[in-house]
Amino acid sequence: MEQVSKIVGAIDTFVWGPVMLVLLVGTGIFLTIRLKFLPWRNLGYALHSVLSKEARTTKRGEGDVSPFSALMTALAATIGTGNIVGVATAMVSGGPGALVWMWISACFGLTSKFSECMLAIKYREVNEKGEMSGGPMYTMKNAFKNKAFGNTMGFLFALFAVLASFGIGNMTQANSISGSLHASFGIPTYVTGIILTVLTLIIVLGGITSISRISSVVVPAMAIFYVIGGIIVILGNITNVPHGLYLIFGMAFNPKAIGGGVLGTITVSVMNSIRYGVARGVFSNEAGLGSAAITAAAATTDDPVRQGYINMTGTFFDTIVVCSITGISIAASGVLGSVGPDGQPLQGIELTMAAFSSVLGPVGSYIVSIGIILFAFSTILGWEYHGEKAFEYLFQSHKYNIIYRVVFSLVVFFGATQTLQLVWDISDIMNALMAIPNLICMLLLSNVIVAEVNRFQPTVEKERASWKKK
């Protein structure tokens, strides 16, 4: 067993190595340049669209849920442990500068997220039940002229998505919740496992409308709750913020000269900073993986480009807002590089808790614990929908979805009560394998993406002009 774990660990390190990160960020850079930076230039338009009243209605076009609900369900799956634990891990392994590389990868991730979501809506189908079915697998099946190639790519993406949904979208999240509740409140993991399993089953049996209804309330509430806590911590350490930002930006490009001996146990290189920043950023916002596109396809919209812009803001909220709050809180609190009672360097959730506790005392730890619980539970719900739609694609029918829903809910209990590094590594590999067909698909369809964006641009200008007049 130990030998298997080592082999899987080595594969995990390889698939998330430089080649994968170059492919992920490189695709974003290529598409951003081809689109003449329009996704960046239209970010203000996209944010305005998300916050408009119209985004909460289903009046414009066809779909299952409102544009806002589709975004919140996608965000439910992306705002998770990566925003709290992932940022802290990146800043220990890659130094404070990893945060800058997170931001840089997120900027290009905006274009990747826009492209995959827009294509998913353009090539979506209606299933026998009258529900929307879409995502990279349907894009590959319907957009490629070579049907054998498209069907093979679609099958592989859907297979990896189903496998990833049980790992990264289920067990790893349930494990974070049970671990957090056990550490903070002494609740046994099996009790948490039972409660999570029952709650998940109740919600997912209602399908996308039930999941989106819960996500539309939980996601904004939890994000606001966590961000306010983080802002209080940053304001409490306001005198240290300039030095914290100096470390973040300085160590992104010249860690040895800036870091010196000020961070105790942490010594890093620029390459390490880039690797951990990009990897954790992608893990957090999932831009390029294709998962968010599955949810985007359920949105009620009159134009795929319009919803592409709305879903693109998910990367902005996830990385530029929530991850930044965690990162700046850690850098400004001075806890980075310090050691715990066991003499080991603080990392992961303990590091984020220490940063929040530097201003809020024991309440800081509770805010982080509650944040983890809400973030991780919403991720379970969002990923259930991703996995279910991929499962439906594999079987070419929605009739077996009930089996997936029940099995997925039962796996939550297993995840909450077992810590299996092997399972985590395998799910990490499946995540990377999902991204490969999705990225190839976006590169091959880049002409379609450019044509759609250019076609919709006059509408963007027109709507912008009408907002200014109001």
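Before reading on, note that the structure itself is shown above.
Residues numbered from 1 in each chain as written. Predicted model: local features only at pLDDT ≥ 70, side-chain atom pairs only at ≥ 80, totals over all residues. Heavy atoms only, no water.

(A) Molecular detail of the overall build of the protein. Looking only at helices and strands, the protein has 21 helices and two strands in total. Here the C-alpha coordinates of the protein stretch approximately 60 × 50 × 45 Å along the principal axes. Considering the protein as a whole, with its 470 residues, one finds that 60% of them fall into the buried category. Contacts in the protein between residues at least 24 apart in sequence constitute 83% of all its contacts with a sequence separation of at least 6. Per element, the accessible surface of the protein, about 18100 Å² overall, is 68% carbon and sulfur. Between the mean site of the 29 positive side-chain charges and the mean site of the 23 negative ones, the protein shows a separation of 10 Å. (Helix = DSSP H or I, 4+ residues; strand = E, 2+ residues; numbered from the N terminus. Buried < 20%, exposed > 50% of the residue type's maximum accessible area, 1.4 Å probe, protein only. Contact = heavy atoms within 4.5 Å. Areas by Shrake-Rupley, 256 points an atom, 1.4 Å probe, with all protein chains shown as cover. Lys, Arg positive; Asp, Glu negative; His and termini not counted. Charge placed at Lys NZ, Arg CZ, Asp CG, Glu CD.)

(B) Focus on the packing of helix α16 (residues 304-333) against helix α17 (residues 349-360). Two elements in contact, α16 and α17, have axes whose closest approach is 9 Å; the angle formed by their N-to-C orientations is 65°. When the axes of α16 and α17 are compared, the pair comes out roughly perpendicular. Considering the relative orientation of α16 and α17, their crossing is left-handed. Seen from α16, the contacting residues are T326, S329, I330 and S333; seen from α17, they are L351, T352, A355, F356 and S358. Broken down by class, the residue content of the contact of α16 with α17 amounts to four nonpolar, five polar and no charged. (Axes fitted to C-alpha atoms, helices over the stretch in contact; angles between N-to-C directions. Parallel < 35°, antiparallel > 145°, perpendicular 65-115°, else oblique. Left-handed = near helix turned anticlockwise from the far one by under 90°. Nonpolar A, V, L, I, M, F, W, Y, C, P; charged D, E, K, R; others polar.)

(C) Layout of the packing of aromatic side chains. One pass over the full model with this rule turns up 17 aromatic pairs. Ring centres 5.4 Å apart and planes at 40° place the aromatic pair F144 and F149 in the tilted group. Centroid distance F316 to F317: 5.7 Å. Interplanar angle 70°. Geometry classified as edge-to-face. Judged by its relative accessible area of 22%, F317 falls in the partly exposed class. What links up through ring pairs into an aromatic cluster is the set F166, F391, F395, Y400, Y404 and F408. Stacked on the ring of Y123, the Lys or Arg K122 has its end atom at 5.6 Å from the ring centre. (Phe/Tyr/Trp six-rings, centres within 6.5 Å; stacked < 30°, edge-to-face > 60°. Lys NZ or Arg CZ within 6 Å of the ring centre and 35° of its normal.)

(D) Representation of unusual backbone geometry within the structure. Backbone geometry places K36, a non-glycine residue, at a positive phi of 55°. Among the secondary structure elements, K36 is positioned in the loop between α2 (18-34) and α3 (38-41). K36 sits in the exposed class, given a relative accessible area of 62%. Here the phi dihedral of F37 falls at roughly 60°; this positive angle occurs in a residue that is not glycine. Within the secondary structure, F37 is located in the loop between α2 and α3. Residue class for F37 comes out partly exposed when judged on its relative accessible area of 34%.

(E) The arrangement of the environment of F395 in detail. With respect to the helices, strands and loops of the structure, F395 is situated in helix α18 (residues 362-395). Here F395 falls in the partly exposed class, since its relative accessible area comes to 46%.

(F) View of the side chain of E463. Examined against the element boundaries, E463 turns out to sit in helix α21 (residues 446-469). Not counting residues up to four positions away in its chain, the partners in contact with E463 are Y45, R60 and R306.

(G) Region of interest: the side chain of T192. Checked against the element boundaries, T192 lands in helix α10 (residues 189-204). The exposure class of T192 is buried, given its relative accessible area of 4%. When residues no more than four places from it in sequence are discounted, the contact partners of T192 are I177, S178, L181 and I187.

(H) Layout of α17. The terminal C-alpha atoms of α17 lie 16 Å apart, and with 12 residues this matches the ideal 16 Å at 1.5 Å per residue to within 8%. Among the residues making up α17, those that are buried are I349, L351, T352, M353, A355 and F356. Among the structural elements, α6 (81-93), α9 (147-185), α11 (207-236), α16 and α18 are those in contact with the buried residues of α17. Downstream of α17 by one or two residues, G361 has phi in the positive range, about 65°. (Expected span 1.5 Å × (residues − 1).)

(I) Representation of helix α14 (residues 270-285) in the model. The terminal C-alpha atoms of α14, which comprises 16 residues, lie 22 Å apart, in line with the 22 Å expected from a rise of 1.5 Å per residue. Following α14 by one or two positions, E286 adopts a phi angle in the positive range, close to 60°.

(J) How the structure looks around the environment of G80. Tracing the backbone shows G80 in the loop between α5 (67-78) and α6. Classification of G80 as buried rests on a relative accessible area of 3%. With residues near it in sequence (within four places) discarded, G80 still touches Q173, F375 and T379.

(K) View of a nonpolar patch on the surface. On the surface, L205, F395, Y400, I402, I403, V406, V407 and L410 cluster together into a nonpolar patch covering about 700 Å² of accessible area. Summarising the element assignment, Y400 is placed in the loop between α18 and α19 (401-417). With relative accessibility at 39%, the residue Y400 sits in the partly exposed group. (Patch = residues over 30% accessible without salt bridge, like charges linked within 9 Å, V, L, I, M, F, W, Y side chains within 5 Å. Salt bridge = Lys/Arg side-chain N within 4 Å of Asp/Glu carboxyl O.)

(L) The nonpolar core, seen in detail. Counting 135 residues, the largest nonpolar core has W16, F114, M137, I177, Y309, L351 and I449 as its most contacted members. For this core, the element with the highest residue contribution is α18, accounting for 14 residues. Formed by eight residues, the second largest nonpolar core is a distinct cluster that contains C117, A120, A293 and A297. (Core = buried A, V, L, I, M, F, W, Y, C linked by side-chain atoms within 4.5 Å.)

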